[in-house]
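Structure assessment
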Amino acid sequence: MDAKAKALQAAGRPVISYAAGEPDFSTPAHIVEAASAAVLDPKNYRYTPAAGLPDLRAAIAAKTARDSGWAVDPAQVIVTNGGKQAVYQSFATLLDDGDEAILPAPYWTTYPEAVKLAGGVPVEVFAGADQDYLVTVEQLESVRTDRTKVLLFVSPSNPTGAVYSLEQTRAIGEWALEHGIWVIADEIYQNLVYDGVKAVSIVEAVPELASQCILVNGVAKTYAMTGWRLGWMVGPADAIKAASNLQSHLSSNVSNISQKAALEALTGPQDEVAVMRDAFDRRRTAIVAGLNAIDGIVCPTPQGAFYVYPDVTALMARLGIGTSLELADYILERAEVAVVPGEAFGPSGYLRLSYALGDEALAEGVARLQQLFAV
């Protein structure tokens, strides 16, 4: 949908796109300046350790202790080419052919594909808007088998923005611990939370889980650095050693320039992070109110990330449209607004809209939707 929207924009159509999952802000200037300085340093023209620059791994370890409540050694960190490589490498490290990985749905579209690339079998567990998109221990237990190896835990969520409470996180962590199930926790949005909410790391909620947990994170979302391709994975020494061996053959080191930029992001001023988060919060309030004013749309208020995930089943019934994919095409053609259909993230009947776009564009897009679906 994002590609289709951009093609229409290039053709002169006034399309407003809620499809892209990246901040509309520029990378903060002090981070760009650090990268510019790194370009001029000949030390960065050579191979460096495959697992990452030592000073960056130390900074990531410090962030993990601060934000995830897990004191780790820098040797337990691998720097990757974006969070996506960290996701794939985590599954590839843990899964053997036929192992099952439980994926709470709605899920980011890459997760099941990464599981399959690693030889595993994705097992979906769906929680709808009536559950605020949060799965329960009972649901997880209902799909557990003797082949269950991994649980993916994502809070805040892409695509829903849902955040698990401390109590919910602890219950899920204790369940995984009891049954010897590894947890891969994608924490890429952990610093984008609202209303005083804290995205509690599952290993902070259940410290005993540290021997069977891998955390995935990166600078892309918090620091508006999606194109810099800098992520990481943190975990127990044996898993990280195996993943490091894999990365040494797969890609070697991440660009040294991006690593120096990430080091500045993590250790430098955080003022602009707060400014961006405040803007997302303002837009979140506006888009939720605007969508809920449309008959047939139910939009829970997300507590994290920068997405809303409205339930549009009633709207589809009112319009006689069979799938959310068809609804997304209908919206693009009739209102010149691009949204992502629920089929990309699990069952049909939902749409994902990113509010990481300008305030004016966001307001105009919502107004078009209200006009299109006016009763």
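Overview of the structure. Since the structure is predicted, the reported quantities are computational estimates derived from the model, not experimental observations.

Okay, the nonpolar core next. Ranked by size, the top nonpolar core spans 56 residues in total, and within it L56, V183 and V219 carry the most contacts. No other element matches the five residues that helix α10 (residues 256-267) contributes to this core. Ignoring sequence-local partners within four residues, the contact set of V219 consists of A224, M225, L230, W232, A262, A265 and L266. Counting 38 residues, the second-largest nonpolar core is a separate cluster that includes A224, A328, I331 and V339.

Now for the pattern of salt bridges. For the structure on display, the rule yields 18 salt bridges. K116 is the partner of E113 in a salt bridge, and the nearest nitrogen-oxygen pair spans 3.4 Å. Of this pair, E113 and K116 both sit in helix α5 (residues 110-117), separated by three residues, roughly a single helical turn. E113 gets classed as partly exposed once you look at its relative accessible area, which sits at 41%. On the basis of relative accessible area, K116 is assigned to the partly exposed category, the value being 45%. Of the charged contacts in the structure, one is a salt bridge between R144 and E141, with a shortest N-O distance of 2.8 Å. Classification of R144 by relative accessible area gives partly exposed; the value is 30%. Look at the salt bridges and you will find they share partners, linking D24, R282, R283 and D359 into a network.

Let us now look at the sheet that holds strand β11 (residues 340-341). Spatial strand order, β9-β12-β11: three strands in an open sheet with antiparallel pairing. In the strand order of this sheet, the two ends are held by β9 (307-308) and β11, each with one partner. Bridge analysis of β11 against strand β12 (residues 351-354) gives two bridges, and the strand direction is antiparallel. Residue pairing for β12: V340 is matched across the bridge by R352. Of the strands in this sheet, β11 and β12 touch helix α13 (residues 324-335), which is tilted by about 45° from β12.

Within this structure, the stated rule accounts for 13 aromatic pairs. A ring pair is formed by W108 and Y111, whose centres lie 5.3 Å apart and whose planes are at 85°; its orientation type is edge-to-face. On the basis of relative accessible area, Y111 is assigned to the buried category, the value being 2%. Ring geometry for Y309 and Y350: centres 5.4 Å apart, planes at 10°, overall stacked. Residue Y309 is located in the loop between β9 and α12 (313-319), and its partner Y350 is located in the loop between β11 and β12; the two are separated by 41 residues in the primary sequence. We note that Y309, like Y350, is buried. What links up through ring pairs into an aromatic cluster is the set F25, Y189, F280, F306 and Y307.

With that settled, consider the pairing of strand β5 (residues 148-154). Of all seven residues that make up β5, six are buried, and the element is covered over most of its length. Relative to β5, strand β3 (residues 100-105) runs parallel, the two sharing three bridges. If you follow A101 over to β5, its bridge partner there is V150. Where β5 and strand β6 (residues 182-186) come together, five bridges link them in parallel fashion. By the bridge assignment for β6, V150 is matched with W182. The β-α-β motif built from β5, the intervening helix α7 (residues 166-178) and the parallel element β6 has right-handed crossover chirality.

The rules behind the values
Residues numbered from 1 in each chain as written. Predicted model: local features only at pLDDT ≥ 70, side-chain atom pairs only at ≥ 80, totals over all residues. Heavy atoms only, no water. Core = buried A, V, L, I, M, F, W, Y, C linked by side-chain atoms within 4.5 Å. Buried < 20%, exposed > 50% of the residue type's maximum accessible area, 1.4 Å probe, protein only. Helix = DSSP H or I, 4+ residues; strand = E, 2+ residues; numbered from the N terminus. Contact = heavy atoms within 4.5 Å. Salt bridge = Lys/Arg side-chain N within 4 Å of Asp/Glu carboxyl O. Pairing = 2+ DSSP bridges. Axes fitted to C-alpha atoms, helices over the stretch in contact; angles between N-to-C directions. Phe/Tyr/Trp six-rings, centres within 6.5 Å; stacked < 30°, edge-to-face > 60°. Right-handed = clockwise from strand over helix to strand, strands pointing away.

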